[in-house]
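# Commentary on secondary and tertiary structure
One letter stands for each residue in the lines below.
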Amino acid sequence: MKIIVDKAIPFVKGILEPWADVVYLPGKEICNEDVKDADALIIRTRTRCNADLLEGSSVRMIATATIGFDHIDLNYCREKGIEVATAAGCNARGVLQWMGGVLTCLSLMQGWQPRQRTLGIVGVGHVGSLIKEYAEKWGFRVLCCDPPREEREHLGFLPLEEVAEKADILTFHTPLDKTTYHMVDAALLERLQPEAILINASRGEVVDSEVMREDTHDCVFDVWEHEPDIDPELLDRALIATSHIAGYSEQGKAKAASMAVQAVARHFDLPLKEWYPEEAAKQTPREISWDDLRRTIFDRFDVVGETTHLKEHPEEFEQIRDHYPYRKEYF
């Protein structure tokens, strides 16, 4: 059995070798020739799994160590009988703590307390639900928008337009699909309050960067359209800017790697169905007050330092991302 693995995925080297020929490659460079005789792929978002990559190959299993799957042509995989597994929810607490750092930084920069702000959350899945839970405890008034969940579950979520009009801070945590592509467009930006701040930690293409470039609202971006070739004008005006690392915690990365390996193990009946890297800490969720967050978060996440470095070295976007020192989750 042969397995192709994105070499940037941590913790997995040496784990599958007793049962497979494992080849580690840069995710962006994996090509059709590489996968022709492969049985499985363990990838990240940098590998586009479509007909161009997979046609004529022996691939029967794709495990992505990411929560998203917009880099995988699911219809093609379904037609070809290729199983696809994601690591949904793996990085939710990592993104939560990134948001904690962002909100703390914004409060200090602008001189407000949570009780003075309305936080609009667009996308209330694994990540958005956690942000809602903690933000409410921190004192924010929270408004939620998630049209697919509202249609299924009737939870009282609000329409996007209403949340946009009422929010002081509007944050996006949606998957990328045809309904969310360029969700942030000129019409939506016109609905925002003049002093509102827009945050995107979902997928870069959720925001129309050309429209955003001409807009005047303050913004915070972890994800960018056309990564790694990010828009220099948007980078320059972003209050906080990071290199698609919101979910890059040690525990989140370990969980993503374990979910990918476990999915492959289940498919091929390997004795790794409960594998988790021994060297990585496990998640230990706990409550944290706003005062404790403000006192501790910058020891774990240097928001200002990371923003400054990316703005000074945008050409290092991919290098920063691939060699990022994973933050340790502490709540």
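To start, this report covers the structure provided alongside it. Keep in mind it's a predicted model, so treat the numbers as computed, not measured. (Residues numbered from 1 in each chain as written. Predicted model: local features only at pLDDT ≥ 70, side-chain atom pairs only at ≥ 80, totals over all residues. Heavy atoms only, no water.)

This part is about the packing of helix α4 (residues 92-110) against helix α12 (residues 290-300). Remark: α4 packs on α12, axes separated minimally by 10 Å, with the N-to-C direction vectors making an angle of 100 degrees. Taken as axis vectors, α4 and α12 run roughly perpendicular relative to one another. Seen from α4, the contacting residues are Gln97, Gly100, Gly101, Leu103, Thr104, Cys105, Ser107 and Leu108; seen from α12, they are Trp290, Leu293, Arg294, Ile297 and Phe298. Among the residues forming the contact of α4 with α12, the class breakdown is 7 nonpolar, 5 polar and 1 charged. (Axes fitted to C-alpha atoms, helices over the stretch in contact; angles between N-to-C directions. Helix = DSSP H or I, 4+ residues; strand = E, 2+ residues; numbered from the N terminus. Parallel < 35°, antiparallel > 145°, perpendicular 65-115°, else oblique. Contact = heavy atoms within 4.5 Å. Nonpolar A, V, L, I, M, F, W, Y, C, P; charged D, E, K, R; others polar.)

With that out of the way, let us pick up the sheet that holds strand β10 (residues 218-221). One open sheet holds the 6 strands; their spatial order is β7-β6-β8-β9-β10-β11, and the pairing between them is parallel. The open sheet has two free edges, formed respectively by β7 (141-145) and β11 (240-241), since each of these has just one partner strand. Of the strand pairs in this sheet, strand β6 (residues 118-122) and β7 are connected by 5 bridges, and their pairing is parallel. Bridge pairing in β7 places threonine 118 opposite arginine 141. Each of β8 (169-172), β9 (197-200), β10 and β11 touches α4; the most contacted strand, β9, lies at about 160 degrees to it. (Pairing = 2+ DSSP bridges.)

Looking at the element boundaries, arginine 149 is found in helix α6 (residues 147-153). The contacts of arginine 149, once residues within four sequence positions are left out, are Val124, Ser129, His154, Leu155 and Phe157.

Counting residues in hydrophobic clusters, the biggest one holds 72 residues, and the most contacted among them are Trp98, Trp138, Phe140, Phe172, Ile199 and Trp224. It is α4 that contributes the most residues to this core, 9 residues altogether. Discounting residues that sit within four places of it in the chain, isoleucine 199 has contacts with Trp98, Met99, Val102, Leu106, Ile169, Leu170, Thr171, Phe172 and Val220. (Core = buried A, V, L, I, M, F, W, Y, C linked by side-chain atoms within 4.5 Å. Buried < 20%, exposed > 50% of the residue type's maximum accessible area, 1.4 Å probe, protein only.)

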